[in-house]
Every structure is written in structure tokens, then in C-alpha cells.
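# Summary of the model geometry
Chain by chain, the residues run as shown.
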Amino acid sequence: MKTRQYGEKGQTGMAYAQLMDVTGRINDFLNAANILNWDSRTMMPRAGAETRGQQVATLSVAARDLLCSDETRRALESAEAEISGLPEGDVRHTMAQHVREAIEYHERIPTSVLRRKEELAGVAHDLWADARAASDFSIFAPALEKMIEINREMAAAIGIGSHPYESLLHKLEPGTRIEDLDVLFGRLRDGMLPLVRAIGEAEQPRSDFLYRHYPAKDQLAFALKMAKRIGFDTDRGRYDTTVHPFEVSFTRNDVRITTRVSENYMPMCLFGALHEAGHAMYEQGVDPAYTRTPLATDLIGLYAVGGVSYGAHESQSRLWENQVGRSREFWANHFGEARDAFGDQLADVSEDEFFRAINRSMPSLIRVEADELTYDFHIMLRTDIERQMTDGSLAVKDLPEAWNAKVKEYLCIDVTDDANGVLQDVHWSGGQVGFCNYTIGNVMAAQLFDTARAENPAIQQGLDKADYKPLQNWLNEKVCQHGRRYSRDELLINATGRALDPEPYLTYLTGKYSEVYGL
Ligand code: ZN
């Protein structure tokens, strides 16, 4: 990977260096918060939660205050003047532009609204938990109503895009337009619903062996082995266990993933690890020259991250987890190793049976347990509902009914109760919207994977013989190394020649499920 040294040309002066110094300190605050968050989810005794929350909040507020301070503004203005003569595409313009946009974004949101949101989030979370335990939406409804009201105020203050929902999406998935989502989701629905229906009538492949007893320690060892195989660099990373798997980075040289284990369901740990390894490889691939800069810091979301959007991040995790990790070739190469690790459990299982079992699809009520094909329907129905709640066209009291109707429409199943329906996700209690990033990630993954293989035959040849380096190199060159330099769509257009296009994803799904189910 080529690295750039700023100032090599002798053009970067003191003012730009000062801007980099102050944004470096903002990144330090946010990385420190990341470390505290990692610790709280892996090592911390539960009793530490309250103080830890305060510590993380202090660091986030310090980062925001420093970003919006006179010191940063002065540094930005001087730097902009100093670099004004540089050519248009120079990365230093992008750095400065990120800082300017972030200051403007944060300035628009009144502190009083932020504070109200934060205060409500604590209460709303507890009410959501109570409501879910009792499977009674009415317990959570009043808090959710208030949260939506605050979100609408925030959307109006942010004022980006043509719909309040676009304003809110800006933080997670900048540049996403509702009309584009409509087209994308419409095409996915048309392409995927016939598959879901056909699978509903087809015979399910055998999968009993996935539910046998697999000792946690053997699963963790095998999952880590596979994560390293595809390219997760453990010299610059760690691997631990948690209840909810995640990936977090504190610069490209310290990227940590976690997975969870069920001793009676083998795919959870393995594919969780491949998924998080995909996220980790994105962060490990960011250009080292971007460390501590605005191109490895989300200054709008106030989060130290090198990936450009949640959807772009998800494209890397889903690509390695599904397109590679659940492929025929992958198991042609690695089923023997799985057999070595789990000799008793897989003694009566063929490679073909294993491949079919890990790709089986069955509509279910719970998003986080959904398979690759039905997952996007969980996302689409949440996106429909988030939008309608945000623009006021769906009243909170009508939410369970709307939810249940959408589950019936998209997944062809009946919701049994609120706990397994509208109350299953924590996100809305904190005012967080933007589920669409998962589907954007799936679509983007297929598009990148398709182009990669078409462009460079060595990539497929590599996959055929368990050499993942050619694919990783291609992804590094086209996606990872750029950090936050380009927008999600710019990255995609540069890499594949076009913006989000669902066709490669639909072709992939149709091909895979036709094979698995003999459709
Ligand atoms: Zn993910």
C-alpha cells in the first residue's frame, strides 16, 4: 500500500499542522472513549456501568467542545487560507472540509435538545426493557412518542435533505436519499419475494448437526483460525467473547473483535467471527497516514472510525461473512479443517450437507437471528416504519399493528406478541434510526465482490485455493485504504463504475438459493 506523507512537497505549513494537531486530540478523546466502551463490554464488572457511562459521556462532550472551540475554528480558517492554492483533489482540502462540515453540523443542534434527548434516552431504555419483559407495547409508547418528537426537532435543526428522515440518516449513512431507498428496496422486494415464497414450499436441507454440542473452546479456536485465514491480522488485533459481538478500533494498529458462542448452535460463533473480522480488516486497511486525522474520525457522529459509513462498513463484514464465508469454494477448502476440529459432531455429515445447512433460509420473527435472504425484509419493514414515524404519518399507538402487517407482508408469518415483534430492538429507545445501512451494506458487498472477480481473475483463482490475499488487496486498494476520504457513493463509483445497484446482489441470492434448494 502506498502511503502519503503530508508536507513532503514542502507546501504544508504551520497552520495546517495546527489543525491536524487539534483534530488529532479530538481523535484521542474519541479513541479513549472507544477503549472504555470495549472494556465495559468485555472485562468490566457490571457494577462499573454507571461511572463508566459518565466517563464516556465526559470524553464525548470534551471532543465536541474541542471541535466547536475557538481554537479549532481559528486553526481551520488559517489552514484553509494556507492550503487554498493547492490543487482541487488534494487530500488536505478534504481534511479541512470534514472539519468545517462537522462544526456546522454540531452548531445547528441546540444543546438543550441534545440534553433532553440524553435524559430521555436513559428513561426510555428502562421503559423499553420493562415493556419487552412484559411484552406490552403500551408501557413504552409514551416515551417513544417523546423521543420521536425530539428526533423531529433535531431533524428540523439539522436541515439536511428533503425529508426529516434524511436529516437523521446523515449521521449514519450520509447522502442517503429517500427516493433512492425506495427504488433500491422496491427492486430488492421484487427480486427476493419470489425466492422467499419458493423456499417456503421447498424441502428444507438437513441441519440437525448444527445443533449438536460443540464445546465453546473448540468453537472459539476454529473461528479465530478462520478469521486469521481470511486476513484478520492478530498482530494488530485482538479477539474476545461477549454477549453482543462487535468490532472496535483504536487506530489501524489496534483493532479488536468479539464473538459470542452457543454450545448448541455452531454457526453463531464462526460466522459472527468472520463478520467482525470483515469489519476489522476495513479498519486495519486504512492508510497509516490517516491515523489521528479527520479521515479516521467521524467528526459528525463523534466516533473514532476509519470506515466511511455504516453501510460501507457492513459491506466489508457481509462480504467476508457471506459472499466468501458461506460459499461453496470456502467449504471445499475448509470443511476438512472443520472435521478435524469437530470430528464427532460432523462425523456423519458431508461437505455438501454442511454447505446447504449453513445457507438454509427460513422466515423468522427476530432480526438478529434471520438468515441471509430474509434479513433484508426485517430491515425494509423497519425503514418503512422509521420514516413514517419521523414524518408523522404513522402514530405511535398504531405501531404494533403496522409492524405486524409488514411482517405478514414481507415474511409471510404472524407476529405472536410485542416482545417478538415491535419491541425486539433497543435502537428506537435511544432515538437511533437508520436500519437501512445493513441492506445498503449487503448490496454494496455483492457489487464490490462482483466487480473484483470480473476485473482480476487472480481473485477467483485465489478463492478456489483458499488464498484470500488477492481479494483483500483489491478491497484495500478500492475501499479500505481511503478511510473517510471519499463518500460511500464515490467509493462505489470509483470501484465499480456506478452507485448502489441491487442487480449483483439479486443475482447472487438467486444463484445461491437455487443451488441450495434446487429451485
Ligand atoms: Zn456488522
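Quick caveat: nothing in here was measured; it's all calculated off a predicted structure. (Residues numbered from 1 in each chain as written. Predicted model: local features only at pLDDT ≥ 70, side-chain atom pairs only at ≥ 80, totals over all residues. Heavy atoms only, no water.)

### What to know about the overall build of the protein
A count of helical and extended segments in the protein gives 20 helices and 3 strands. The globule rule puts the C-alpha radius of gyration for 519 residues at 24 Å, and the 23 Å found for the protein is close to it. Here the C-alpha coordinates of the protein stretch approximately 70 × 55 × 45 Å along the principal axes. A buried classification covers 54% of the 519 residues belonging to the protein. For the protein, contacts bridging at least 24 residues in sequence account for 75% of all contacts bridging at least 6. Here the protein displays about 21600 Å² of accessible surface, and carbon together with sulfur accounts for 50% of that area. When the 57 basic and 78 acidic side-chain charges of the protein are each reduced to a single mean position, those positions are 2 Å apart. (Helix = DSSP H or I, 4+ residues; strand = E, 2+ residues; numbered from the N terminus. Rg over C-alpha atoms; globule rule 2.2 N^0.38 Å. Buried < 20%, exposed > 50% of the residue type's maximum accessible area, 1.4 Å probe, protein only. Contact = heavy atoms within 4.5 Å. Areas by Shrake-Rupley, 256 points an atom, 1.4 Å probe, with all protein chains shown as cover. Lys, Arg positive; Asp, Glu negative; His and termini not counted. Charge placed at Lys NZ, Arg CZ, Asp CG, Glu CD.)

### Quick notes on the coordination of the zinc ion
Distances from the zinc ion to its protein donors, namely H275 (NE2), H279 (NE2), E314 (OE) and E314 (OE), fall within the range 2.1 to 2.6 Å. Spacing between the donor residues of the zinc ion along their common chain follows H-x3-H-x34-E. Here H279, found in helix α10 (residues 267–284), pairs with E314, found in helix α11 (residues 310–324); they are 35 residues apart in sequence, far enough to count as distant. On the basis of relative accessible area, H279 is assigned to the buried category, the value being 8%. We classify E314 as buried; its relative accessible area is 7%. (Donors = N, O, S within 2.8 Å, 3.2 Å for Na, K, Ca; no water.)

### With respect to the side chain of S361
Looking at the secondary structure, you find S361 in the loop between α13 (351–358) and α14 (372–391). If we ignore the near neighbours within four places in the chain, the residues touching S361 are I199, Q204, D371, L373, T374, Y513 and Y517.

### Regarding the sheet that holds strand β3 (residues 255–259)
Sheet architecture is open: 3 strands sit in the order β1-β3-β2, paired in mixed fashion. At either end of the open sheet lies a strand with only one pairing partner, and these are β1 (237–241) and β2 (247–249). Taken pair by pair, the neighbouring strands of this sheet meet at an average axis angle of 20°, ignoring direction. Pairing analysis gives 5 bridges linking β1 to β3, with the strands arranged parallel. Residue pairing in the sheet places D240 in a bridge with T258 of β3. (Pairing = 2+ DSSP bridges. Axes fitted to C-alpha atoms, helices over the stretch in contact; angles between N-to-C directions.)

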